[in-house]
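Here are the chains, one letter per residue:
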Amino acid sequence: MEGEDLDGNPVSLDGFRGQVVVLNVWGSWCGPCRAEADDLARLGESTRSQGVRFLGINTRDRDRAAARSFVRAHGIGFPSLHDPDGELLLRFPPALLNPQTIPSTLVIDRRGRVAVSIGGAVTDEELGPLVARVAQEAS
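K.L.:
Just checking my understanding: could you explain the overall build of the protein chain for this structure?
P.N.:
Across its full length, the protein chain carries three helices and seven strands. N-terminal to C-terminal, the α/β element order of the protein chain is β-β-β-α-β-α-β-β-β-α. In terms of C-alpha radius of gyration, the protein chain reaches 14 Å, essentially the compact-globule figure of 14 Å for 139 residues. Counting only residues that meet the buried cut, the protein chain has 49% of its 139 residues in that class. Total accessible area on the protein chain stands at roughly 6,700 Å², and carbon and sulfur atoms take up 49% of it. Positive and negative side-chain charges of the protein chain, numbering 15 and 19 respectively, have mean locations separated by a distance of 3 Å.

The structure is reproduced here in structure tokens:
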């Protein structure tokens, strides 16, 4: 999966191979996304040394400026793919990532397999132990 980030730069999920990836689907218009954003930003920073990388998919935001404002407001330090029409989301099986369930989060192991799928908002207390478990697995 690849696309452009919120600044128009190319980003590819393949570039994260060999690392644990937390893939979070969000939108600036989404209340539950706002509720989880600070926790995700914090967890993204605290797990980096364990080989964990966060990647967002910003969906249904036609205007990149609104999405960039959201990222700045919540101190999100990880890239997000811009997916205004949900085309990237449709590449995932609906059982793994339902395009109607925003926010959603996947934890992808070092081999590129989905280890955890969560529909709805998460907190760092909920997601942290799941990420740590996947990060401890041998590649």
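K.L.:
Explain the nonpolar core to me, please; I cannot follow it from the model alone.
P.N.:
When a protein is soluble and globular, its nonpolar side chains tend to lie buried together. One finds Leu-55, Val-107 and Leu-127 to be the most contacted residues of the largest nonpolar core, which totals 41 residues. Secondary structure elements with two or more residues in this core: β3 (20-26), α1 (31-46), β4 (52-59), α2 (64-74), β6 (104-108), β7 (114-119) and α3 (124-136). No other element matches β3, which puts six residues into this core.

K.L.:
Would you explain the sheet that holds β4 in this entry?
P.N.:
In a beta sheet, neighbouring strands pair by backbone hydrogen bonds and run either parallel or antiparallel. Here we have five strands laid out as an open sheet, ordered β5-β4-β3-β6-β7, and mixed in their pairing. On the outer flanks of this sheet lie β5 (80-83) and β7, each paired with one strand and no other. Adjacent strand axes in the sheet meet at a mean angle of 15°, parallel and antiparallel pairs treated alike. Of the strand pairs in this sheet, β3 and β4 are connected by seven bridges, and their pairing is parallel.

K.L.:
Looking at this model, I keep getting lost on α3. Mind explaining?
P.N.:
Within an α-helix, residues lying three or four positions from one another point in the same direction, as the helix has 3.6 residues per turn. Compared with the 18 Å implied by 1.5 Å per residue over 13 residues, the 17 Å span of α3 between its first and last C-alpha is a close match. Considering only its buried residues, α3 is in contact with β3, α1, β4, β6 and β7.

K.L.:
Where do I start with the packing of α1 against α3 in this structure?
P.N.:
At a closest axis distance of 10 Å, the pairing of α1 and α3 adopts a crossing angle of 30°. Between α1 and α3, the angle is such that the two are roughly parallel. α1 and α3 meet at a crossing whose hand is right-handed. Side by side, α1 and α3 meet where Asp-39, Leu-40, Arg-42 and Leu-43 of the first sit next to Asp-124, Glu-125, Leu-127 and Gly-128 of the second. Its residues assigned to classes, the contact of α1 with α3 comprises three nonpolar, one polar and four charged.

K.L.:
Explain the packing of aromatic side chains here, please?
P.N.:
For any pair of aromatic rings, the description rests on two quantities: the centre-to-centre distance and the angle between the ring planes. Taken as a whole, this structure holds two aromatic pairs when the rule is applied. The interplanar angle of 15° and the centroid separation of 4.6 Å between the aromatic rings of Trp-26 and Phe-70 together place this pair among those described as stacked. A residue pair is termed long-range when its members are at least 10 positions apart, and Trp-26 in strand β3 and Phe-70 in helix α2 qualify at 44 residues. In this structure, Trp-26 and Phe-70 share a single accessibility class: buried. On the numbers, 5.5 Å between centres and 40° between planes, the contact of Phe-54 with Phe-78 is tilted. With Phe-54 in strand β4 and Phe-78 in the loop between α2 and β5, the pair connects residues that are 24 residues apart, well separated along the chain.

K.L.:
I keep staring at the pairing of β4 and nothing clicks. Help me out?
P.N.:
Successive residues of a regular strand alternate their side chains across the two faces of the sheet. Of all the eight residues making up β4, eight are buried; the element is thus mostly covered by neighbouring parts of the structure. Side chains Val-52, Phe-54, Gly-56 and Asn-58 of β4 all project onto a buried face; the interleaved residues Arg-53, Leu-55, Ile-57 and Thr-59 project onto the opposite face, where all are buried too. Regarding the hand of the β-α-β motif, the stretch spanning β3, α1 and β4 is right-handed. Strand direction decides the pairing type here: β4 and β5, joined by four bridges, are parallel. Within β5, the residue paired with Ile-57 across the bridge is Leu-81. With respect to chirality, the unit in which β4 leads through α2 into the neighbouring parallel β5 is right-handed.

Analysis parameters
- Residues numbered from 1 in each chain as written.
- Predicted model: local features only at pLDDT ≥ 70, side-chain atom pairs only at ≥ 80, totals over all residues.
- Heavy atoms only, no water.
- Helix = DSSP H or I, 4+ residues; strand = E, 2+ residues; numbered from the N terminus.
- Rg over C-alpha atoms; globule rule 2.2 N^0.38 Å.
- Buried < 20%, exposed > 50% of the residue type's maximum accessible area, 1.4 Å probe, protein only.
- Areas by Shrake-Rupley, 256 points an atom, 1.4 Å probe, with all protein chains shown as cover.
- Lys, Arg positive; Asp, Glu negative; His and termini not counted.
- Charge placed at Lys NZ, Arg CZ, Asp CG, Glu CD.
- Core = buried A, V, L, I, M, F, W, Y, C linked by side-chain atoms within 4.5 Å.
- Pairing = 2+ DSSP bridges.
- Axes fitted to C-alpha atoms, helices over the stretch in contact; angles between N-to-C directions.
- Expected span 1.5 Å × (residues − 1).
- Contact = heavy atoms within 4.5 Å.
- Parallel < 35°, antiparallel > 145°, perpendicular 65-115°, else oblique.
- Left-handed = near helix turned anticlockwise from the far one by under 90°.
- Nonpolar A, V, L, I, M, F, W, Y, C, P; charged D, E, K, R; others polar.
- Phe/Tyr/Trp six-rings, centres within 6.5 Å; stacked < 30°, edge-to-face > 60°.
- Right-handed = clockwise from strand over helix to strand, strands pointing away.

Function cannot be read off these values alone, since they describe shape.
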